[in-house]
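# Architecture and fold: a report
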Amino acid sequence: MAAASCLLTEDQFLCSICLDLFTDPVTIPCGHNFCKTCITEHWNINVQCQCPNCKEIFNTRPELKVNTFISEMTAQFRQSTQQKGKKAELGNTEAEIQQMIQKRQLKIQEIKRSVELSKEGADREIADGVQVFTALKESVERSQAELIDTIKEKHRKTEKQAEDFIKELEQEISELKKRSSEVKQLSQSGEHLHLLQSFLSLNAAPTTKDWTGVRVRPPSYEGTVERALNQLEETLSKQIKKVELKRVQQYAVVVTLDPDTAHPNLILSDDGKQVKHGDVKKNLPDNPERFDSCTCVLAKQTFSSGKFYYEVQVKRKTRWDLGVVRESINRKGKITARPQNGYWMICLRNETEYKAFAGPPVSLSLKSQPEKVGVFVDYEEGLVSFYDVDAAALIYSFTGCSLTEKLYPYFSPDNNYDSKNFAPLIISPVNHTE
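Residues numbered from 1 in each chain as written. Predicted model: local features only at pLDDT ≥ 70, side-chain atom pairs only at ≥ 80, totals over all residues. Heavy atoms only, no water.

### Digging into the overall build of the protein
Helix and strand counts for the protein stand at 5 helices and 17 strands. Taken against the 2.2 N^0.38 rule, which gives 22 Å for 434 residues, the C-alpha radius of gyration of the protein at 51 Å runs more than 25% over that of a compact globule. Principal-axis analysis of the C-alpha atoms gives the protein an extent of 200 × 65 × 35 Å. Counting only residues that meet the buried cut, the protein has 33% of its 434 residues in that class. Taking all contacts inside the protein whose residues are at least 6 apart in sequence as the whole, residues at least 24 apart take part in 64%. Accessible surface for the protein amounts to roughly 27,700 Å². Of this, 52% is attributable to carbon and sulfur atoms. Charged side chains in the protein number 58 positive and 60 negative. The centres of these two groups are separated by 2 Å. (Helix = DSSP H or I, 4+ residues; strand = E, 2+ residues; numbered from the N terminus. Rg over C-alpha atoms; globule rule 2.2 N^0.38 Å. Buried < 20%, exposed > 50% of the residue type's maximum accessible area, 1.4 Å probe, protein only. Contact = heavy atoms within 4.5 Å. Areas by Shrake-Rupley, 256 points an atom, 1.4 Å probe, with all protein chains shown as cover. Lys, Arg positive; Asp, Glu negative; His and termini not counted. Charge placed at Lys NZ, Arg CZ, Asp CG, Glu CD.)

Shown next as structure tokens:
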């Protein structure tokens, strides 16, 4: 019977009145099957006893008996359907479990990768720390040796001065003793003529130094240790700056200039690494990407996540602008550079005046003039920093920046100004600080 049920379709087990699986199926004289309750209620409503399917009319209401075969078949079909449903449900559950397993396996890989990155970061930080503290230890030992040598040298000079004074005094004492002996011998001599002859020379005071104001003053050692510590602190500060620069240099990226954005007065090198101002305005298409008023150019590369760093040579220039800008900045007409407008930049003016376009501009006091500027961006942190590469010193940082769009590196060599500012801006390869 189970084999027979497999040959029947689901429609054959549905009551045509309730359209659901048979419940207590009965067969009326015309041969059609219905739920006992369904056909009874149907005939109770209607005056005539008529088959709902074939419309055959029965003069007397047929006696309804449950069709045991259909009932058993329906029960088996219902059981089979339930089993299929359960299997389908189990299949879905199995698929969900497999998906959960896969997600957890991916999470394990993610966690392991995080551990690997942590290990790499830890090893890198340990190496940097060992380098710093080794240099610090060497500096301390060198400073200690220099301190001891300085103090000893001061003492040696004092000791030498004292030895010279003592030697000179002992020599005078020897001369005086000799004179004293001669005078004593002469005074005991009975020869008056010899006494008179020797008196004039012996009576004259011997040639000696006036030692009244001569002093051996111990040198002052005060401040020697403080000066050594200050020098050590300066050395440590330089080392820390080098470590900070080395940390951001690991995010170095390739940057090249985009000629489609360059102002018509600018001249770009074939390799896209240099830009300078030309006196002749080229006839170029005024495409939407091109700056038509500000003498600047953007990089081809864009950045919208993570960290990136690049370096630009600004040697022999009297004016320049550097930084990063949002993709949506206005490239036509006058430009007001400030973070609110999507510009994070610093500049040089009049050869020695450095400013950050922080809106309003911030004047920067630098110990030395940078010849190479490093630009570092941490997109998620909202940080844009500028470094004097050779001095390994931080120039300025924009913090809490609202970075929500693609960022473009920005370069402006400014105008020539009668060839005083002719040198190009050069995107330089990053030589990692040691």
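Still to come is the rest of the account.
### Some remarks on the packing of aromatic side chains
Scanning all chains against the criterion turns up 11 aromatic pairs. A ring pair is formed by Phe-13 and Phe-77, whose centres lie 4.6 Å apart and whose planes are at 10°; its orientation type is stacked. With a gap of 64 residues between them, Phe-13 in the loop between helix 1 (2-5) and strand 1 (25-27) and Phe-77 in helix 3 (residues 68-187) connect regions that are remote in the sequence. Given a relative accessible area of 1%, Phe-13 falls into the buried group. The buried category is assigned to Phe-77, whose relative accessible area is 12%. Taking the centre distance of 6.3 Å and the plane angle of 75° together, the rings of Phe-386 and Phe-398 count as edge-to-face. Placement of the pair is Phe-386 in strand 14 (residues 383-388) and Phe-398 in strand 15 (residues 393-398), with a sequence separation of 12 residues. By way of ring pairs, the aromatic residues Phe-291, Tyr-343 and Tyr-410 are connected into one cluster. For the cation-ring pair, Lys-209 lies above Trp-211, with the distance from its terminal atom to the ring centre recorded as 4.7 Å. Seen from the ring of Tyr-408, Arg-331 lies directly overhead, with NZ or CZ sitting 5.6 Å from the centre. (Phe/Tyr/Trp six-rings, centres within 6.5 Å; stacked < 30°, edge-to-face > 60°. Lys NZ or Arg CZ within 6 Å of the ring centre and 35° of its normal.)

### Examining the side chain of Arg-349
Following the sequence through the fold, Arg-349 ends up in strand 10 (residues 343-349). Judged by its relative accessible area of 16%, Arg-349 is buried. What Arg-349 contacts, discounting residues up to four positions off in sequence, is Thr-318, Arg-319, Trp-320, Asp-321, Phe-357 and Asp-414.

### Examining the sheet that holds strand 11 (residues 353-356)
Reading across the sheet, the 6 strands line up as 7-16-9-10-11-12 and stay open at both edges, with antiparallel pairing between neighbours. Only two strands of the sheet have a single neighbouring strand rather than two, namely strand 7 (297-298) and strand 12 (362-364). Strand direction decides the pairing type here: strand 9 (residues 320-326) and strand 16 (residues 407-412), joined by 6 bridges, are antiparallel. Within strand 16, the residue paired with Leu-322 across the bridge is Phe-411. (Pairing = 2+ DSSP bridges.)

### Some details on the confidence of the model for the protein
Confidence along the protein averages 87 in pLDDT terms, with 93% of residues attaining 70 or more. Within the model, pLDDT remains below 50 along residues 1-6, and this stretch shows 8 contacts once partners closer than five positions in the same chain are excluded. (pLDDT = per-residue confidence, 0-100.)

### Concerning the pattern of salt bridges
Using the criterion set out here, one finds 14 salt bridges in the structure. Ionic pairing is found between Arg-113 and Glu-120, a salt bridge with its closest N-O pair at 3.8 Å. The partly exposed category is assigned to Arg-113, whose relative accessible area is 38%. Owing to a relative accessible area of 40%, Glu-120 belongs among the partly exposed residues under this scheme. Arg-349 serves as the salt-bridge partner of Asp-321, at 2.8 Å between the closest nitrogen and oxygen. Here Arg-349 lies in strand 10 and Asp-321 lies in strand 9, a separation of 28 residues in the sequence. (Salt bridge = Lys/Arg side-chain N within 4 Å of Asp/Glu carboxyl O.)

### What about unusual backbone geometry?
You will see that Leu-19, though not glycine, has its phi angle at about 60°, which is positive. The topology assignment puts Leu-19 in the loop between helix 1 and strand 1. The exposed category is assigned to Leu-19, whose relative accessible area is 63%. Of note in this structure, Arg-316 is not a glycine but carries a positive phi near 65°. The topology assignment puts Arg-316 in the loop between strand 8 (307-313) and strand 9.

### Considering the sheet that holds strand 5 (residues 266-268)
A sheet is described by the order of its strands in space; here 7 strands give the open sequence 5-6-17-8-13-14-15, paired in antiparallel fashion. Looking at strand neighbours, the two that pair on one side only are strand 5 and strand 15, the edges of this open sheet. Going across the sheet, the axis of each strand differs from the next one's by a mean of 20°, ignoring polarity. Along the sheet, helix 5 (residues 224-249) makes contact with strand 8, strand 13 (372-378), strand 14 and strand 15, crossing strand 8 at roughly 110°. (Axes fitted to C-alpha atoms, helices over the stretch in contact; angles between N-to-C directions.)

### A few points about the nonpolar core
Residues Trp-320, Val-324, Ile-346 and Phe-411 are the most contacted members of the largest nonpolar core, which totals 36 residues. Setting aside anything within four residues of it in sequence, one finds Ile-346 in contact with Trp-320, Asp-321, Leu-322, Lys-355, Ala-356, Phe-357, Leu-364, Val-373, Phe-386, Ile-395 and Tyr-396. Counting residues in hydrophobic clusters, the runner-up holds 14 residues, among them Ile-28, Cys-49, Phe-58 and Ile-70. (Core = buried A, V, L, I, M, F, W, Y, C linked by side-chain atoms within 4.5 Å.)

### A word on the UniProt feature "domain: RING-type" (unreviewed entry) in the protein
Per the UniProt record, "domain: RING-type" (unreviewed entry) is annotated on residues 15-55. The span residues 15-55 shows a helical share of 24% and a strand share of 20%, and its end C-alpha atoms are spaced 16 Å apart. (UniProt positions renumbered as here; feature names shortened; annotations may be inferred.)

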